[in-house]
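# Structural overview
What follows is each chain in one-letter form.
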Amino acid sequence: QVQLVESGGGLVQAGGSLRLSCAASGTTFEILSINVMGWYRQAPGKQRELVASITRGDTTNYADAVKDRFTISRDNAKNTVYLQMNSLKPEDTAVYYCYADRPVRSFRYWGQGTQVTVSS
């Protein structure tokens, strides 16, 4: 079964940057069946929201709150998706969850989550 391992979270001051990584592992068939990968985030007491997504063909989508500050990318050879987070704001503080979709199985995989804290 596909597993997603996240890294790169931490504590940063407002205006700083972080890069999140999410590496997918599994059988070749499972990995190649993944189309969309992306990131959700959730702050305490708040609804989980989609931050960014990217297809295997590198079509991207961003939440309005992060446009022009975050960049999502993927390296298909490494089975890894990245989220470059620049000009961070305190309101970006949340747990960030990586996900991967397998349309042929109609299944969504989730990473364990990584904490991002932005101080003012």
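Bear in mind that the values here come from a model prediction, so they are computed numbers and not experimental data.

The next point concerns the sheet that holds strand β8 (residues 80–85). Taking strand neighbours across the sheet as the criterion, the four strands line up as β1-β3-β8-β7 in an open arrangement whose pairing is antiparallel. This sheet does not close on itself; its edge strands, each paired only once, are β1 (3–7) and β7 (70–75). Ignoring which end each strand starts from, the neighbouring axes of this sheet average 15° apart. Of the pairings in the sheet, the one linking β1 to strand β3 (residues 18–25) comprises five bridges and is antiparallel in character. Bridge assignment links E6 to a residue of β3, and that residue is C22.

Turning our attention to the state of the cysteines. In the structure shown here, the tally under the stated rule is one disulfide. Here C22 is linked by a disulfide to C98, with a sulfur-sulfur distance of 2.1 Å. Because the sign of the S-S torsion sets the handedness, a value of about -85° for the bond joining C22 and C98 places this disulfide among the left-handed ones. Pair noted here: C22 is in strand β3 and C98 is in strand β9 (residues 94–102), with a separation of 76 residues, a long-range link. An identical accessibility class is assigned to C22 and C98; each is buried.

Here the focus is the nonpolar core. Formed by 30 residues in total, the largest nonpolar core has its most connected members in L4, W39, L83 and Y96. The set of elements that each furnish at least two residues to this core consists of β3, β4 (37–42), β5 (49–54), β7, β8, β9 and β11 (114–119). The contact partners of L83, leaving out residues within four places of it in the chain, are L18, R19, L20, W39, V51, A52, F70, T71, I72 and Y96.

What counts, and at which threshold
Residues numbered from 1 in each chain as written. Predicted model: local features only at pLDDT ≥ 70, side-chain atom pairs only at ≥ 80, totals over all residues. Heavy atoms only, no water. Pairing = 2+ DSSP bridges. Helix = DSSP H or I, 4+ residues; strand = E, 2+ residues; numbered from the N terminus. Axes fitted to C-alpha atoms, helices over the stretch in contact; angles between N-to-C directions. Disulfide = S-S within 2.5 Å. Buried < 20%, exposed > 50% of the residue type's maximum accessible area, 1.4 Å probe, protein only. Core = buried A, V, L, I, M, F, W, Y, C linked by side-chain atoms within 4.5 Å. Contact = heavy atoms within 4.5 Å.

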